[in-house]
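So the chains spell out like this:
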Number of protein chains: 2
Amino acid sequence: MNPRPRLFAPGPTPIPDAVLAAMAEPLIYHRGPDFPVLLRGVVEKLKPIFPTVDDVLLLSASGSGGMEAAVVNTLSRGDRVIVVQAGQFGAKWTAICKAYGLDIDIIDLPWGQALDPEQIVKRLTPDTRAVLTTQSETSTGVLHNIAAVAQIVKHTDTLLIVDGVSSVVAHALPTNDWGVDIAITASQKGLGVPPGVAIVTVSKRAWVAMNHSDLPKNYFDLKAYKTAFDEGRGPATLPVTLISGLRAALNLLHTEGIENAWKRHARHAQAVRQATEALGLSVFAACPSNALTAIGLPKQLDGVALMHHLLTRYGITLGGGLAHLRGRLIRISNLGHVDDLDILSVISALEMGLRAQGWEFTPGTGVGAAETVLG
Amino acid sequence: MNPRPRLFAPGPTPIPDAVLAAMAEPLIYHRGPDFPVLLRGVVEKLKPIFPTVDDVLLLSASGSGGMEAAVVNTLSRGDRVIVVQAGQFGAKWTAICKAYGLDIDIIDLPWGQALDPEQIVKRLTPDTRAVLTTQSETSTGVLHNIAAVAQIVKHTDTLLIVDGVSSVVAHALPTNDWGVDIAITASQKGLGVPPGVAIVTVSKRAWVAMNHSDLPKNYFDLKAYKTAFDEGRGPATLPVTLISGLRAALNLLHTEGIENAWKRHARHAQAVRQATEALGLSVFAACPSNALTAIGLPKQLDGVALMHHLLTRYGITLGGGLAHLRGRLIRISNLGHVDDLDILSVISALEMGLRAQGWEFTPGTGVGAAETVLG
């Protein structure tokens, strides 16, 4: 028998059966009477997930589309912005801001390092229009301290825009308590729905900022989304089946309780980190995220071959090292709909893969370390 | 028993069981080894559907996102463009071009009227950078003669960009034979997949034009899509389950044969039109599309009440009149995965709904007229 496919990549994450079933139901017509009920229900159920009391909008796009929407709606050509770039997803902010002609002050951190909020204090000027940062940097497994950044920015006229694509559900992102003006997440990460929906929160301050934005937009015009959502519609066709899947996923999360989901991610990530160290390997990130663990590999181990072995022999998909870290990192995600035995399974597979490459340790060492966290 | 839901709206269209089953399969990781095989297979199977030999790109977006991508990649601020606006979807071209500061010459036609290609001849100037038009105007059921427009534009330096969102699969859109530089369609129309994938063809001439475009773009940067697709990836996360659904839908269409699918849409639309006239009603469009039939209602009939009756009593979703035509039109779509008995069912339901509003005719008249086309 072929092994059952098991996803431990940091998105898309495993799809719960209830979500698959919801997506196989008869499609809801986006101009019919049932759609506003679906849309409003999903929006309301998303709010406690961040948590937020701000407007929540859904776009037919990947998370990157939600990030671009944040930029083009609030900023104007030549505006000064600070971008926190500590990996591939921070670099996406830079690319978007560059495409739209913004004046970018990049806090360019070595991959694996977390932001020191003091750097925001140093760079912030009265004419800085926005700080754009990642919460969980998926390429390195680093968690940035958004609460501390928000504390610095909230008493200024600068907007705080946070890529929470891979952090939401793993970590709290309380936009109003902290002072985050726009937060972005996506369907295929902590929520456990296939990719295709970007989710954007918009604060009152961000709505006001939009009155002065001169960057061109039509598809990503968030005011048009707000007007349409108030009528229970999208300004263009929304991805209805994925939104039905979101409803099912949110029902699961509300049954679990979002605080419990945060704790689950913390326990699972802790278990993976303990196993990593017990196996004589190292956690790559200085300040690790609870969404995933990036494991730095010593020179005698080949990450690409290890991932290939785990995929072909055990059906396990891990994230690899991106860009210059290809082959030097493996990334084990516990993001989304993952339970304790899933975590122990991936560590078992990792042990067998490491032994196949001649890495020496007593079999069961990693699993044992994880069990002490989970048991 | 509640009636089974039956979609006769012009998108989303009914989802074939094989597509639902494909979307419920284990999700393919977009960075894993199976994804390039999926993506390249879908791109190759899409080409005969237009048909086209151009590059075909898939975006995580609705059709509107594909339309915006066509504009922002090929044009520059202040460029002169001609827009054919004969309904709500033609007006979308105007809105996009306006948002990006283009110099727009609008051919503003009354709703229900088809473009006279001579109007393009009159408006075309040496500095016109693009003609943007709809093929099948879904709000009115009108088909514009794209072959004739292409014949006028192809020997000039003007690009021809065609919204084929609701026409592809119902009508041929042979981009190379005619000379269409960019054609856009979407997953939820003729292809019978849920919404969330925009599909864009790009001619050699359009790629060259992109070298001179100065409009800002990042998410919709088609060159980045091309580079990523050449490696079997998307530049951002693509909607994997919907693309798996597309593969299944394309397999069905290739089994049927695209020429047969065009003929099927022609027969079905003809059957609906014959039934419409047999029932004493009128087809709204001067030059009707084979994707849907817009039926103009006399004053004593109420379109909104009629649609409500068909939905609650028979589970049938029709398209209504949009904007100023609300209540004055009903739109019956035969687009996508629809068979002969589906067509006869919707006409039966229409007959019963019309009789409930006191419209007089011999029961079975409409169905009989349709049967003479289909039998």
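Here is what the cut-offs are and how they apply
- Numbering of residues starts from 1 in every chain and runs along the sequence as written.
- By the order in which they are written, chains take letters starting at A while ligands take numbers starting at 1.
- This being a predicted model, a pLDDT of at least 70 is required before a residue's local features are given, and a value of 80 or more before pairs of side-chain atoms are given or counted; all residues contribute to the totals for chains, interfaces and linings.
- Just so you know, side-chain values use all the structure's heavy atoms and leave hydrogens and water out.
- Put simply, DSSP H or I for four residues or longer makes a helix, DSSP E for two residues or longer makes a strand, and each gets a number counted from the N terminus.
- Here the globule rule is a power law, 2.2 Å times the number of residues to the power 0.38, and the radius of gyration is based on C-alpha atoms.
- The cut-offs for exposure are 20% and 50% of the maximum accessible area for each residue type, with area from a 1.4 Å probe on protein chains only; residues under the lower value are buried, those over the upper are exposed, and the others partly exposed.
- Whether two residues are in contact is decided by their heavy atoms, any of which lying within 4.5 Å being enough.
- We get accessible surface area from the Shrake-Rupley algorithm with a probe of 1.4 Å; when it comes to residues, only the shown protein chains can shield them.
- Two rings belonging to Phe, Tyr or Trp (six-membered ring only in the last case) form a pair when the distance between their centres is within 6.5 Å. Interplanar angles under 30 degrees mark stacking, angles over 60 mark edge-to-face geometry, and anything in between is tilted.
- Contacts described as polar in this section are N or O atom pairs within 3.5 Å, which, within protein, must combine one atom able to donate a hydrogen with one able to accept it, while residues neighboring in sequence count only if both atoms come from side chains.
- Buried area is understood as the total, over both parts, of accessible area removed when two parts are fitted together, assessed with a 1.4 Å probe.
- Salt bridges are counted wherever a side-chain nitrogen of Lys or Arg sits within 4 Å of a carboxyl oxygen of Asp or Glu.
- Residue polarity follows a fixed list, in which Ala, Val, Leu, Ile, Met, Phe, Trp, Tyr, Cys and Pro are nonpolar, Asp, Glu, Lys and Arg are charged, and the others, Gly among them, are polar.
- For two strands to pair, DSSP has to find at least two bridges joining them.
- Angles run from 0 to 180 degrees between N-to-C directions of axes, and those axes are lines fitted to C-alpha atoms, restricted for helices to the stretch in contact.
- The copies were overlaid by least squares, fitting only the C-alpha atoms of residues that reach a pLDDT of 70 or more in each copy.
- Take the buried Ala, Val, Leu, Ile, Met, Phe, Trp, Tyr and Cys residues and link them wherever side-chain atoms come within 4.5 Å; each set so joined is a nonpolar core.
- Taking the helix axis as origin, the arc is that swept by the directions to the C-beta atoms.
- Residue-level confidence of the predictor is what pLDDT reports, using numbers from 0 through 100.

Draft legend 1. Fine view of the overall build of chain A. Each helix and strand in chain A was counted, giving 14 helices and 14 strands. Radius of gyration (C-alpha) of chain A: 21 Å, near the 21 Å computed for a compact globule of 375 residues. With the C-alpha coordinates of chain A rotated into their principal frame, the extents come out at 60 × 55 × 30 Å. Within chain A, the fraction of its 375 residues that count as buried is 63%. A separation of at least 24 residues holds for 72% of the contacts in chain A among residues at least 6 apart in sequence. Accessible surface computed for chain A: about 13,200 Å², of which carbon and sulfur atoms make up 52%.

Draft legend 2. Geometry of the packing of aromatic side chains. In this structure the tally under the stated criterion is 7 aromatic pairs over all chains. When the centroid spacing of 5.2 Å and the interplanar angle of 70 degrees are considered together, the rings of Tyr219 of chain B and Phe220 of chain B count as edge-to-face. Given a relative accessible area of 2%, Phe220 of chain B falls into the buried group. Three or more aromatic residues joined by ring pairs form one cluster here, namely Tyr219 and Phe220 of chain A together with Tyr219 and Phe220 of chain B.

Draft legend 3. Summary view of the environment of Glu68 of chain A. Residues and elements named next belong to chain A. Locating Glu68 in the fold gives a position in helix 3 (residues 63–74). Taking C-alpha positions, Glu68 is 22 Å from Leu143, a pair spaced 75 residues apart along the chain. Looking at Glu68, its side chain comes within polar contact range of the side chain of Tyr100, at 2.7 Å.

Draft legend 4. Representation of the interface of chain A and chain B. Every contact between the two is made by 52 residues of chain A and, on the other side, 52 residues of chain B. When the area that chain A buries against chain B is broken down by residue, the three leading residues are Leu27, Tyr29 and Tyr219 of chain A, summing to 17%. At the junction of chain A with chain B, the criterion picks out 0 salt bridges. The tally of links from chain A across to chain B stands at 6 residue pairs in polar contact (both at pLDDT 80 or more). When residues of the side of chain A that touches chain B are assigned to their parent elements, the largest contribution, 6 residues, is made by helix 4 (residues 88–99) of chain A. Residues of the side of chain A that touches chain B, tallied by class, amount to 33 nonpolar, 14 polar and 5 charged.

Draft legend 5. Structural context of the sheet that holds strand 9 (residues 182–186) of chain B. Residues and elements named next belong to chain B. The sheet built from 7 strands is open, its strands ordered 2-10-9-8-5-3-4 with mixed pairing. Sheet topology places strand 2 (55–60) and strand 4 (103–108) at the edges, where each strand pairs with a single neighbour. Neighbouring strand axes in the sheet, compared pairwise and without regard to direction, differ in orientation by 20 degrees on average. Bridge count for strand 9 against strand 10 (residues 197–202) is 5 bridges, and the pairing is antiparallel. Residue pairing across strands places Ala183 opposite Thr201, the latter belonging to strand 10. Across the face of the sheet, helix 3 (residues 63–74) comes into contact with strand 2, strand 5 (128–134), strand 8 (159–163), strand 9 and strand 10 while running at roughly 160 degrees to strand 9.

Draft legend 6. Main features of the relation of the copies chain A and chain B. With an axial shift of 0.0 Å and an RMSD of 0.0 Å, the rotation relating chain A to chain B amounts to 180 degrees. On the angle and the small slide along the axis, the relation comes out as a two-fold axis. Closest approach to the rotation axis among the C-alpha atoms of chain A is made by Ala61 of chain A, whose C-alpha sits 2.5 Å away. A share of 100% of interface residues in chain A that are also interface residues in chain B marks the association as one of identical surfaces.

Draft legend 7. Layout of the nonpolar core. One finds Leu58 and Leu59 of chain A together with Leu58, Leu59 and Trp93 of chain B to be the most contacted residues of the largest nonpolar core, which totals 188 residues. Residues within four places of Leu58 of chain A in sequence aside, it is in contact with Leu39, Val42, Leu46, Val197, Ala198, Ile199, Tyr225, Phe229, Leu238, Ile243 and Leu246 of chain A.

Draft legend 8. Structural view of helix 14 (residues 365–374) of chain A. If you check which residues of helix 14 of chain A are buried, you get Gly366, Val367, Ala369, Ala370 and Leu374 of chain A. Burial along helix 14 of chain A is one-sided: seen end-on, the buried residues are contained in an arc of 160 degrees.

Draft legend 9. Inspection of the pairing of strand 13 (residues 316–320) of chain B at higher detail. Residues and elements named next belong to chain B. Most of strand 13 sits inside the fold, with 5 of its 5 residues counted as buried. For strand 13 and strand 14 (residues 329–333), the ladder comprises 2 bridges, and the chain directions are antiparallel. Within the sheet, the bridge partner assigned to Gly320 lies in strand 14 and is Ile330.

Draft legend 10. Molecular detail of the sheet that holds strand 13 of chain B. Residue and element names in this part refer to chain B. Read from one edge of the open sheet, 5 strands run 1-13-14-12-11, paired in mixed fashion. Edge positions in the open sheet fall to strand 1 (6–8) and strand 11 (282–283), since each of these has one partner strand only. Of the pairings in the sheet, the one linking strand 1 to strand 13 comprises 3 bridges and is parallel in character. Within the sheet, the bridge partner assigned to Arg6 lies in strand 13 and is Ile316. Along the sheet, helix 11 (residues 258–278) contacts strand 11, strand 12 (292–296) and strand 14; its crossing angle with strand 12, the most-contacted strand, is approximately 15 degrees. Packing of helix 12 (residues 303–314) onto the sheet brings it into contact with strand 13 and strand 14, and relative to strand 13 it is tilted by some 160 degrees.

Draft legend 11. Highlighting the environment of Val53 of chain B. Residues and elements named next belong to chain B. Tracing the backbone through its elements, the reader meets Val53 in the loop between helix 2 (34–46) and strand 2. Overall, the relative accessible area of 67% leaves Val53 in the exposed class. For Val53 and Glu118, which are 65 residues apart along the polypeptide, the C-alpha to C-alpha distance reads 28 Å. In this view, Val53 contacts Lys47 and Asn176; residues no more than four positions away in its chain are not counted.

Draft legend 12. Representation of the environment of Asp214 of chain B in the model. Residue and element names in this part refer to chain B. Checked against the element boundaries, Asp214 lands in the loop between helix 8 (204–210) and helix 9 (222–230). Residues Asp214 and Arg77 lie 137 residues apart in sequence; the distance between their C-alpha atoms is 6.9 Å. Aside from chain neighbours lying at most four places away, what touches Asp214 is Leu75, Ser76 and Arg77.

Draft legend 13. Local environment of the confidence of the model for chain A. Of the residues in chain A, 100% have a pLDDT of 70 or more, and the chain-wide mean is 97. If you check the scores for this complex, the pTM reads 0.96 and the ipTM reads 0.94.

Draft legend 14. Spatial organisation of unusual backbone geometry. Note the cis peptide between Gly11 of chain A and Pro12 of chain A, where omega equals -5 degrees. Here Pro12 of chain A shows up in the loop between strand 1 (6–8) and helix 1 (17–23). The linkage connecting Phe50 of chain A with the following residue, Pro51 of chain A, adopts the cis geometry, with an omega of -5 degrees. For Pro51 of chain A, the position within the fold is in the loop between helix 2 (34–46) and strand 2 (55–60). Positive phi, close to 90 degrees, is recorded for Val169 of chain B, a residue that is not glycine. On the basis of relative accessible area, Val169 of chain B is assigned to the buried category, the value being 0%. The backbone of Ala323 of chain B shows a phi angle near 50 degrees, a positive value even though the residue is not glycine. By the secondary structure assignment, Ala323 of chain B is in the loop between strand 13 and strand 14.

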